Amino acid sequence: MTAPTAPSSPSPTTTVPVSATAPLAAPPAGRAPARFGPVALVISAGVSVQFGAALAVMVMPRVGAAGVVTLRLAAAAVVLLLLCRPKVRGYVRADWGTVVAFGVAMAGMNGLFYQAIDRIPLGPAVTLEVLGPLALSVVVSRRLVNLLWAGLALAGVVLLSSHGGGGFGGLDPLGAAFALGAGAMWAAYIVFSARTGRRFPQADGLALAMAVAAVLSLPLGIVEAGSDLLVPSTLALGAGVAVLSSVLPYTLELLALRRLPAPTFAILMSLEPAIAATAGFLVLNQAMSALDAVAIALVIAASMGAVRSQTRKRTA
């Protein structure tokens, strides 16, 4: 799944319409090479997330989709709690309500996404999932031009659903529904990520929300996998998924956002469906046709266009 970002930073693909406060001025002459550093960090984070998802697919035969979610969220929660050591005193009820809602969104996003990739290829799953943040972008912007981008994304989905060959064609309806549900929860994640970032310092809110998400996922993981969750090799693979899908991308994105404008960050994260398709091909042998690639490209273009039009609105 698409890695969520720390609450103090924009979330992948379309957080810009929610919290685009970074400057968009062109870099001074002679400083273009310095831009490659943060750009490389963002792309590396996307690669880490999607290859982590591919690894998760390989772990699913051992513990099922719910078991993988439990292992990932629990391991990530332990790491973040140890690193952040968040304070639990001094917050009001509204603060805790926000962080709990953030954790629920995180658990739902991860749970639905892993159910999706257990049934459909990784590339199509991420392409459908990204429609959630894109829809949020269109709603928040309230600009007619973004209806064009929504239509472009819809054209990609039509290709996805009508293609009769391999890859996108013949998608499991339940898997596609799970991916769309994950997209809706991703949109909710973006909203509560921003709210949590305003109420909690540093990444404290993220660590607490991750703990909430881990607790919520635990019963489902136990029901599906039971004692198989405690097999040492499975625990090690689950920790690998957590590092690739959560800990490492969070760190890389936070470092990148210190030097990269938020709109540029969001545009780069729009490439995740393409990265996911590549990871699915290289790791899971999930092939794509030319029409599949066109469908991915349409959704990516729609996401980039929505971000850019929102940026122009803010800088006008």
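Look up a bit, the structure's there.
For the structure given in this document, a descriptive report is provided here. Small disclaimer: the values here were computed from a predicted structure and weren't measured. (Residues numbered from 1 in each chain as written. Predicted model: local features only at pLDDT ≥ 70, side-chain atom pairs only at ≥ 80, totals over all residues. Heavy atoms only, no water.)

Summed over all chains, the structure comprises five aromatic pairs. Seen from their ring centres, Trp-96 and Phe-200 are 6.1 Å apart, and the 70° between their planes marks the pair as edge-to-face. With Trp-96 in helix H3 (residues 93–117) and Phe-200 in the loop between helix H7 (173–199) and helix H8 (204–225), this residue pair connects regions lying 104 residues apart in the sequence. Taking relative accessible area as the criterion, Trp-96 reaches 27% and is therefore assigned partly exposed. (Phe/Tyr/Trp six-rings, centres within 6.5 Å; stacked < 30°, edge-to-face > 60°. Helix = DSSP H or I, 4+ residues; strand = E, 2+ residues; numbered from the N terminus. Buried < 20%, exposed > 50% of the residue type's maximum accessible area, 1.4 Å probe, protein only.)

We now examine the environment of Ile-120. Here Ile-120 is to be found in the loop between H3 and helix H4 (122–129). For Ile-120, a relative accessible area of 3% translates into the label buried. In this structure the C-alpha to C-alpha distance between Ile-120 and Asp-172, which are 52 residues apart in sequence, comes to 6.3 Å. Beyond its immediate stretch of four places on either side in the chain, Ile-120 contacts Ala-125, Leu-128, Leu-171, Asp-172, Gly-175, Ala-176 and Ala-179. (Contact = heavy atoms within 4.5 Å.)

In this section: the pattern of salt bridges. Tallied over the entire structure, the rule returns one salt bridge. Where Arg-199 meets Asp-95, a salt bridge forms, and the shortest distance between an N and an O atom there is 2.6 Å. Of the two residues, Arg-199 is situated in helix H7 and Asp-95 in helix H3; the sequence distance between them amounts to 104 residues. (Salt bridge = Lys/Arg side-chain N within 4 Å of Asp/Glu carboxyl O.)

Where H4 meets helix H11 (residues 272–284), the closest approach of the two axes is 7 Å, and the angle between their N-to-C directions is 165°. Between H4 and H11, the interaxial angle falls into the category roughly antiparallel. Where H4 crosses over H11, the handedness of that crossing is right-handed. Contacts between H4 and H11 involve Leu-122, Gly-123, Val-126 and Thr-127 from the first element and Glu-272, Pro-273, Ala-276, Ala-277, Ala-279 and Gly-280 from the second. Grouping the amino acids of the contact of H4 with H11 by side-chain chemistry returns six nonpolar, three polar and one charged. (Axes fitted to C-alpha atoms, helices over the stretch in contact; angles between N-to-C directions. Parallel < 35°, antiparallel > 145°, perpendicular 65-115°, else oblique. Left-handed = near helix turned anticlockwise from the far one by under 90°. Nonpolar A, V, L, I, M, F, W, Y, C, P; charged D, E, K, R; others polar.)

This part is about the nonpolar core. Grouped together as the largest cluster of nonpolar side chains are 65 residues, with contacts concentrated most on Met-106, Phe-113, Tyr-114, Ile-117, Leu-122, Tyr-189 and Met-210. Per-element accounting of this core gives the leading share, 16 residues, to helix H2 (residues 32–84). (Core = buried A, V, L, I, M, F, W, Y, C linked by side-chain atoms within 4.5 Å.)

One non-glycine residue, Arg-85, adopts positive backbone phi at about 45°. Along the polypeptide, Arg-85 turns up in the loop between H2 and H3. For Arg-85, a relative accessible area of 68% puts it in the exposed group.

The packing of two helices is summarised by the inter-axis angle and the distance between the axes. Relative orientation of the contacting elements H3 and H7 amounts to 155°, with a least axis distance of 7 Å. Comparing their axes, H7 and H3 come out roughly antiparallel. Classified by chirality, the crossing of H7 by H3 is left-handed. Of the residues in the contact of H3 with H7, the class split is 19 nonpolar, seven polar and three charged.

Glancing now at H7. With 27 residues, H7 ought to run about 39 Å at 1.5 Å a step, and its terminal C-alpha atoms sit 39 Å apart, in line with that. The residue sitting at the N-terminus of H7 and contributing the capping side-chain oxygen is Asp-172; that oxygen lies 3.0 Å from the backbone nitrogen of Leu-174. (Expected span 1.5 Å × (residues − 1). Polar contact = N/O pair within 3.5 Å; in protein donor to acceptor, adjacent residues only side chain to side chain.)

Remember, this is a structural readout, not a statement about activity or role.
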